[in-house]
Amino acid sequence: MAPSRQVTVFVFCAVFLAFSSARSYVNSDKTLEQKMREDVDLSQFYSLLENNPIANTTLTYRSVTVFAPANLAFQKYTGKVDDTLVLYHMTNSAQNLNQLGYYVSSELEGNPPLWITRQRTGVKDEIFVNNAKVLSQRSNLVYTNLNGRKQVLHIIEDVLEPVRSTNPDAPLYNPDAWTFLNQSENIELDSHRIRSFRQRVQLMKKADIFKAEGRYTFFIPVDEGFQPPPRPEKIDEKVIDGHVIPREVLFTNAAQEEVEHETLAFTDMMKVTISFKTEHSLKGSKTYVKSHTIVGDANHAEGVVLAEIVKANIPVKNGVVHLIHRPLMVVDTTVTQFLESFKGFDREDGPLYKFYEVIRDTEGDFMDRITRMRDLTLFAPSNAAWLDSNLNNLMRDRSRIREILNMHLVEQRLTMDQIIQSNTNKHPLFKVPTLAPRKSLYFNVVHQGHNKTLTVEGGGVNATVIQPDIAATNGIVHIIDRVLGVPFTTVGRKLATDPMLNKTYQLGKTNNFNIQLDDTSKKFTYFVPRDFAWNRMEARFPSAHKKMFMKDYGYHVKQILERHLVVDDKPLTMQMLKKYSNESLTLPTIRDVLKLRVKESDSIQDPELQSLDGGYYIEWNNEWIHVFRPDVECTNGVIHVIDSVLLQDSDIVVSAAPTPSLSLGLGTAAALFLSLLAAHLL
């Protein structure tokens with residue numbers, strides 16, 4: 001088929017699918033009432049309908065749109081069910097899905113709105129009524145009643161729940177957000193109370209934003225979230241503005257996760273956004289909102305504040321209200337208090353419950369250290385990270401767990417922006433020491449279009465920061481998707497996925513050298529030149545570097561890599577090597593042997609070497625080589641990332657005369673080899 005014809009067919013199919021999903025299915029054989037009576041999957045909704053005379057009259061004499069929950073929706077619904085509920089699922093006009101606007105008025109007393117949300121997925125929309133998803137394939141069913149009035153049926157996944165009054169003497173028919181806030185004692189809100197926030201709104205004279213007509217999303221903290229003092233005094237005009245999203249009505253099921261929405265506090269002088277995130281566990285799901293103060297001021301700290309939605313999706317006349325467990329924007333708790341802050345709200349579903357549990361169950365002073373520190377950054381593994389099967393045996397080794405916990409803690413305050421700014425061309429992999437002795441964290445920034453993803457490596461584990469910049473008074477918390485320091489991949493897979501080791505990996509694909517690195521029956525110690533080492537060589541000898549990456553030189557490259565790879569009965573950490581190498585150490589490599597010495601920076605007299613970032617050095621062939629990343633643990637060995645390539649003139653036979661004047665600082669023999677190779681290839 002010709003390309004142009006293929007495109008035409010594809011476009012036609014896409015248009016046809018979009019049209020088919022939105023078109024109406026007209027049924028002239030029965031009425032809408034008969035359809036619902038005969039459909040066994042609508043039996044619970046129909047039982048409510050037939051007991052409500054207003055609903056029956058509407059079906060008999062008027063046009064109507066019915067949003068009918070399937071039986072499964074009622075089985076999972078925990079709210080109050082009575083005959084009036086059916087009127088909240090009906091409107092007084094017949095509308096297909098493609099005719100629905102931002103809202104439609106229901107037939108419940110006061111005609112409270114039903115809010116319509118469309119999410120684009122592929123070639124069609126997903127449509128939500130309040131928080132209920134419309135089952136498009138079972139909707140757009142058009143009928144005509146006995147009086148000739150058009151009626152439309154849409155099937156939905158959840159029961160629609162209106163605001164309900166607890167005081168029959170003061171009914172609330174269609175409250176706006178301010179009426180809801182002001183009359184909350186007369187509204188069914190489970191056990192939640194919101195007096196404290198109402199008092200701050202009144203004191204700050206901000207009631208008008210809750211009365212405003214239009215489309216808004218309101219976040220209201222419950223009274224329990226105003227402890228401890230003086231938190232209430234921190235709820236000023238800007239903080240109240242930061243609890244309101246204008247021009248959007250965002251129900252939890254219909255809201256896209258991790259999309260930042262501008263609040264009323266997003267102005268020329270301040271930038272505050274809110275986003276949604278849902279955590280899933282065996283016990284169910286919890287939805288959180290995050291306020292992100294991108295630009296703050298002296299009274300409003302920059303960073304993220306995380307709050308759990310304790311009662312979601314309360315529809316009001318001018319939008320939707322979500323009750324949250326603490327105020328947004330307010331940074332007044334320590335890191336320790338943040339870890340403990342979800343206790344009162346079913347802590348076992350909190351975002352860092354498993355991490356907190358490990359800290360609590362491991363004997364040690366980790367929590368005390370966090371409490372005492374004035375400036376810290378904590379990389380906290382998510383609940384899902386602790387489900388890794390590689391952790392099962394480790395959890396019984398408390399000494400090892402304490403070391404791993406310390407690897408997640410840095411004694412300085414590091415925001416995501418600070419880390420990204422530190423990852424410059426000069427320092428492409430920013431690193432910082434942790435509280436674990438001789439253990440550092442290494443950061444990398446992955447750019448995907450306009451999005452930036454931050455990764456952190458510790459002890460051979462590469463984790464992604466899934467929630468950055470949770471602000472506390474004494475530091476920053478970043479939630480990550482893996483537990484650091486617990487290897488889960490082989491030497492081969494680590495080499496294949498680490499962006500800093502890409503050139504060594506590409507060379508190792510020659511003659512299938514890398515295949516052996518996935519052998520779990522062996523224990524490897526691999527001294528891997530990072531890309532920086534190869535780039536330094538390329539800068540002085542570009543032609544030689546180019547030839548090394550050609551297939552014709554595969555055998556010679558294989559010989560070079562073999563010198564870097566030690567096979568022994570156990571992997572050798574830098575501390576072990578330092579202990580064994582008082583003078584000189586001979587290690588069995590794949591090729592022959594590797595002779596070296598190991599020292600730490602404080603025992604090396606060379607001021608140029610001491611000016612580097614410290615750590616370990618290996619002496620090979622009369623050259624001191626910096627170990628940029630020691631002890632990258634893997635399931636079948638350990639990688640030591642080094643700053644130079646272990647080269648000598650016998651690696652590749654050349655015939656040209658030597659040129660001693662060329663020197664790269666790689667050692668005399670290596671410089672001689674490179675000069676010969678360059679002369680030969682040029």
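Residues numbered from 1 in each chain as written. Predicted model: local features only at pLDDT ≥ 70, side-chain atom pairs only at ≥ 80, totals over all residues. Heavy atoms only, no water.

## Here's the deal with the side chain of S136
Relative to the elements of secondary structure, S136 occurs in the loop between strand 7 (132-133) and strand 8 (141-144). The exposure class assigned to S136 is buried, which follows from its relative accessible area of 19%. (Helix = DSSP H or I, 4+ residues; strand = E, 2+ residues; numbered from the N terminus. Buried < 20%, exposed > 50% of the residue type's maximum accessible area, 1.4 Å probe, protein only.)

## Here we look at the confidence of the model for the protein chain
When pLDDT is averaged along the protein chain, the result is 86; 86% of the residues meet or exceed 70. Counting interchain partners and residues more than four positions distant, the pLDDT-below-50 stretch residues 652-674 has 47 contacts. The model gives residues 676-682 a pLDDT under 50, and that stretch makes 18 contacts with residues more than four places away or in other chains. (pLDDT = per-residue confidence, 0-100. Contact = heavy atoms within 4.5 Å.)

## What to know about the layout of surface pockets
In this approach a probe as big as a water molecule rolls over the atoms, and the regions it shows empty are the leftover space. If you add up the space inside the largest pocket, you get close to 1300 Å³. Considering the residues around the largest pocket, the lining is formed by 46 residues, among which N131, E161, T252, A312 and N313 are closest to the centre. Elements with a contribution of two residues or more to the lining of the largest pocket: helix 5 (71-76), strand 13 (271-281), strand 14 (284-295) and strand 15 (303-316). Examining the composition of the lining of the largest pocket, we find that eight residues originate from one element, strand 15, more than from any other. (1 Å grid on protein atoms, 1.4 Å probe; cavity = no way out; pocket = protein on both sides within 12 Å on 5 of 7 lines; lining within 4 Å. Points joined across faces, edges and corners; volume = space filled by probe spheres on them.)

## Quick word on the environment of L189
Tracing the backbone shows L189 in the loop between helix 6 (177-182) and helix 7 (195-203). Taking C-alpha positions, L189 is 9.6 Å from S165, a pair spaced 24 residues apart along the chain.

## Overview of the environment of G492
Tracing the backbone through its elements, the reader meets G492 in helix 15 (residues 491-497). Take G492: its relative accessible area is 8%, and that puts it in the buried class. For the pair G492 and L517, spaced 25 residues apart in sequence, the C-alpha separation works out to 4.5 Å. Those residues in contact with G492, other than ones at most four positions away along the chain, are L517 and D518.

## Remarks on empty space enclosed by the protein
Going through the model one piece at a time under the given rule, you end up with three cavities of 30 Å³ or more. Space inside the largest cavity adds up to approximately 90 Å³. Forming the walls of the largest cavity are 12 residues, and the residues nearest its centre are V305, L306, R326, F338 and A471. Residue assignment for the lining of the largest cavity shows that the elements contributing at least two residues are strand 15 and strand 22 (461-472). By residue number, the principal contributor to the lining of the largest cavity is strand 15, which donates three residues. Of the residues belonging to the lining of the largest cavity, the class tally is eight nonpolar, three polar and one charged. (Nonpolar A, V, L, I, M, F, W, Y, C, P; charged D, E, K, R; others polar.)

## A look at the packing of aromatic side chains
One pass over the structure, following the stated rule, counts 10 aromatic pairs. Aromatic pair Y103 and W115: ring centres 5.6 Å apart, planes at 50°, arrangement tilted. With Y103 in strand 4 (residues 103-105) and W115 in strand 5 (residues 113-121), this residue pair connects regions lying 12 residues apart in the sequence. What makes Y103 partly exposed here is its relative accessible area of 47%. (Phe/Tyr/Trp six-rings, centres within 6.5 Å; stacked < 30°, edge-to-face > 60°.)

## Section: the pairing of strand 21 (residues 451-458)
Where strand 20 (residues 440-448) and strand 21 come together, seven bridges link them in antiparallel fashion. Residue pairing across strands places Y442 opposite E457, the latter belonging to strand 21. Here strand 20 folds back onto strand 21, and the loop between the two strands holds two residues, one of which, G449, carries a positive phi near 65°. Alignment of strand 21 against strand 22, held across four bridges, turns out to be antiparallel. Paired with V456 across the bridge in strand 22 is A463. (Pairing = 2+ DSSP bridges.)

## Notes on the sheet that holds strand 5
Read from one edge of the open sheet, four strands run 4-5-6-7, paired in antiparallel fashion. Edge strands, defined here as strands with exactly one partner in the open sheet, are strand 4 and strand 7. Direction of pairing for strand 6 (residues 124-129) relative to strand 7: antiparallel, over a ladder of two bridges. Paired with V129 across the two strands is A132, which belongs to strand 7.

## Regarding the sheet that holds strand 29 (residues 623-634)
Remark on secondary structure: sheet strands pair via backbone hydrogen bonds, oriented parallel or antiparallel. Overall, mixed pairing links the seven strands, which are arranged 25-24-30-29-28-27-26 in an open sheet. The sheet is open, and its two borders are formed by strand 25 (565-568) and strand 26 (585-588), each paired with just one other strand. Each strand of the sheet is rotated relative to its neighbour by a mean of 35°, with strand direction disregarded. Pairing analysis gives five bridges linking strand 29 to strand 30 (residues 637-642), with the strands arranged antiparallel. For E633, the partnering residue across the bridge sits in strand 30 and is V638. (Axes fitted to C-alpha atoms, helices over the stretch in contact; angles between N-to-C directions.)

## Quick notes on the pattern of salt bridges
The full count for this structure, using the stated rule, is 38 salt bridges. Between D332 and R326 there is a salt bridge, with the nearest N and O atoms lying 3.9 Å from each other. Among the residues examined, R326 registers a relative accessible area of 8% and is labelled buried. A salt bridge links E600 to K578; the nearest nitrogen and oxygen atoms lie 3.9 Å apart. Here E600 is found in strand 27 (residues 593-600), whereas its partner K578 is found in helix 20 (residues 574-580), with 22 residues between them in sequence. The exposure class assigned to K578 is partly exposed, which follows from its relative accessible area of 31%. Three or more residues joined by partner-sharing salt bridges are found here, namely K35, D39, D41 and R138. (Salt bridge = Lys/Arg side-chain N within 4 Å of Asp/Glu carboxyl O.)

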